[in-house]
Amino acid sequence: MNRKQKAFLLLKQNWIFCLFFWGMVIYYGYNMFVIKPWYDELYTYYSFISRGPVYSAIHWPVPNNHVFYSVLSAFLDYLGNPYIGLRGVSYLAAAANLYLLYCFAGKFVNRYLAAGAVFLYAAVFQVNNLAVQGRGYTLSITFYLIVLLCLEKICRGQGRKQEYIVYAISLTGGLYTLISSTFWVIPLCLTGGIVLLFRKQYKTLWKLIAASLVAAGMTLFLYTIIWLAIGSNLMSKNPENIYYGVYQVTIILKEPFAALRTGMDYMLATPYIQGDARSYIVTELFSYLTCLFNLFYQNAGAYLTVFLAFFAVWAVVRAVLNRNKEYEVWFSSVYLAVSIVMVPIMLIIQSVQPYYRVFTFLAVPLSVLVSWLLQQASDAKKCRECFSVVCCIGMLFISVMFLSSRDYNAQFAGRETEIAEIFKEDVKELESIFYLDDYQKYVLKFYYDKEPLEVPMEEAQYILLPKELYEEEYEVPVWPTMYNHDAIDFDYMKDAFNLVRENNSYELYKRK
């Protein structure tokens, strides 16, 4: 039986999962177009995706460019629909993740509880929130699950050459999408190493180490390209540098190491990845994890933190006591123990508190853990299948309840939508504009494929004024506004422009 036949049989055996899967494919597809994109998505589309795959691959002004996501999305953008270009990759990844998780969970629990794991995963707010956003987090989870499936097969002793290749490529893809994927890359590599080491599969262990090193090398090569591009660009634009005004390729050919060092320094200096004092990280760890898991299931953060801490210890003890028993018990115990324990350890070692969405992948071990515990309870009962079916239906009910709630389907792009609406009647004749905040250029590009000439107020055809600029005390620009109150000549604007439209946040002025 080949892989396609096995995959079909797995779906055929579980019609509950099959119905849920196709329901979620429709659900995600609907949300992809109905929930409007917010600032970070629009920035990604304007600054990278819409400029093509090559541009996306070599530019990294801020961590907002999830490089590999932007590269893949840039290819989809050629289809001509901005929603598909921005969110198509996330949509495909979100759907794939449900199937990949079902396949992985099915290796350790029965098919009903494997479906239950998927139901709980899909019901996580952060998973749903990021499912079709034009960001790289959902794609990163796809690579995480692919690595997990390859790793399980390799540790079982069934790894062929293609498993090692897919394993290395997926590790690279995860890190090239999000450098913060190190928070799952390291635990998975440790999981494989521990399992193989204690089972004395030394030959397989060396192969796994080699594949991991190849992935590290490929990742370094891809980021070297970015560092060279950034560094040469900075050197070319710096008036104090001897290569000021010189073509970037020339700089790379003449001073590759200087360009590389400049690019690396720029990336490492970004404030988005700076850490805090280790003492602060330690004292705030429980609070941080509570806030993180509140984004999984509302108001359940503290309970989930305690739950995971308790069962992490339990999984460690179980792994130690069962290292000579059947493979499934040993691998699942090590995987859950390492996955849960390593995150706080890495936070403390690195002295950082990343954005909560970085840890959305923890929804995978959490949902697998719950199904695994239910499997243990099921094994202790006489009517195992009946118990599993009841649990599966219960988890399905919880998932549907969450997914149909208002919070899970709410719009989160209010200001962006206001800009799109206020320009709707004037966009055809829009040729030049005086931008006053960062939102406007991104909205015009995404909704109308319009990039008007950016000019000073005295030369502008249109001005879209954020209403907060009327406040005299508004002296220091607050992101994403670009100017303060004193920077605007309101008298000139009133004399030279007519107010043509307004809404809650903006006033649109057109030159008389």
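Now for a look at the structure at hand.

1. Quick notes on the overall build of the protein
Working step 1: Helices and strands together make up the secondary structure of the protein, namely 23 helices and 5 strands.
Working step 2: In summary, the protein has a C-alpha radius of gyration of 26 Å against a globular reference of 24 Å for 512 residues, a match within 12%.
Working step 3: With respect to the principal axes defined by its C-alpha atoms, the protein has extents near 85 × 55 × 50 Å.
Working step 4: Considering only contacts within the protein whose residues lie at least 6 apart along the sequence, 71% involve residues at least 24 apart.
Working step 5: Accessible surface, the protein as shown: approximately 24000 Å² in total, 63% of it carbon and sulfur.
Working step 6: The centroid of the 42 positive side-chain charges in the protein is displaced by 21 Å from the centroid of its 40 negative side-chain charges.

2. So, the state of the cysteines
Working step 1: Per the stated rule, a full pass over the model turns up 0 disulfides.
Working step 2: Between Cys189, a free cysteine, and Cys155, which holds the nearest cysteine sulfur, the sulfur-to-sulfur gap is 11 Å.
Working step 3: Residue class for Cys189 comes out partly exposed when judged on its relative accessible area of 24%.

3. Details of the nonpolar core
Working step 1: Counting 139 residues, the largest nonpolar core has Tyr28, Phe296, Phe359 and Val364 as the members making the most contacts within it.
Working step 2: Tallying contributions element by element places helix 6 (residues 82–105) first for this core, with 14 residues.
Working step 3: If we skip the residues at most four places from it in the chain, Val364 touches Leu101, Tyr121, Ile141, Tyr144, Leu145, Leu148 and Tyr335.
Working step 4: Ranked by size, the runner-up nonpolar core spans 17 residues in total, among them Tyr176, Tyr223, Leu228 and Ala258.

4. What about the side chain of Ser351?
Working step 1: In this fold, Ser351 is placed in the loop between helix 18 (327–350) and helix 19 (363–379).
Working step 2: Overall, the relative accessible area of 8% leaves Ser351 in the buried class.
Working step 3: For Ser351, the side chain forms a polar contact with the side chain of Arg278, separated by 3.4 Å.

5. Overview of the pattern of salt bridges
Working step 1: The final tally for this structure, using the stated rule, is 15 salt bridges.
Working step 2: For Lys445, the salt bridge is made with Asp449, and the minimal N-O distance between the two is 2.8 Å.
Working step 3: By relative accessible area, Asp449 is classed as exposed at 56%.
Working step 4: Each of Lys107, Glu152 and Arg156 takes part in a single network of salt bridges with overlapping partners.

6. What about the sheet that holds strand 3 (residues 462–466)?
Working step 1: Taken in spatial order, the 5 strands of this open sheet run 2-1-3-5-4, and their pairing is mixed. A single partner strand is all that each edge strand has here, and the edge strands are strand 2 (453–454) and strand 4 (497–502).
Working step 2: Here strand 3 pairs with strand 5 (residues 506–511) via 5 bridges, running antiparallel. When the bridges of strand 5 are listed, Ile463 appears paired with Tyr509.
Working step 3: Contacts from helix 21 (residues 414–422) reach strand 3, strand 4 and strand 5 within the one sheet, and its direction differs from that of strand 5 by about 30°.

Basis of the calculations
Residues numbered from 1 in each chain as written. Predicted model: local features only at pLDDT ≥ 70, side-chain atom pairs only at ≥ 80, totals over all residues. Heavy atoms only, no water. Helix = DSSP H or I, 4+ residues; strand = E, 2+ residues; numbered from the N terminus. Rg over C-alpha atoms; globule rule 2.2 N^0.38 Å. Contact = heavy atoms within 4.5 Å. Areas by Shrake-Rupley, 256 points an atom, 1.4 Å probe, with all protein chains shown as cover. Lys, Arg positive; Asp, Glu negative; His and termini not counted. Charge placed at Lys NZ, Arg CZ, Asp CG, Glu CD. Disulfide = S-S within 2.5 Å. Buried < 20%, exposed > 50% of the residue type's maximum accessible area, 1.4 Å probe, protein only. Core = buried A, V, L, I, M, F, W, Y, C linked by side-chain atoms within 4.5 Å. Polar contact = N/O pair within 3.5 Å; in protein donor to acceptor, adjacent residues only side chain to side chain. Salt bridge = Lys/Arg side-chain N within 4 Å of Asp/Glu carboxyl O. Pairing = 2+ DSSP bridges. Axes fitted to C-alpha atoms, helices over the stretch in contact; angles between N-to-C directions.

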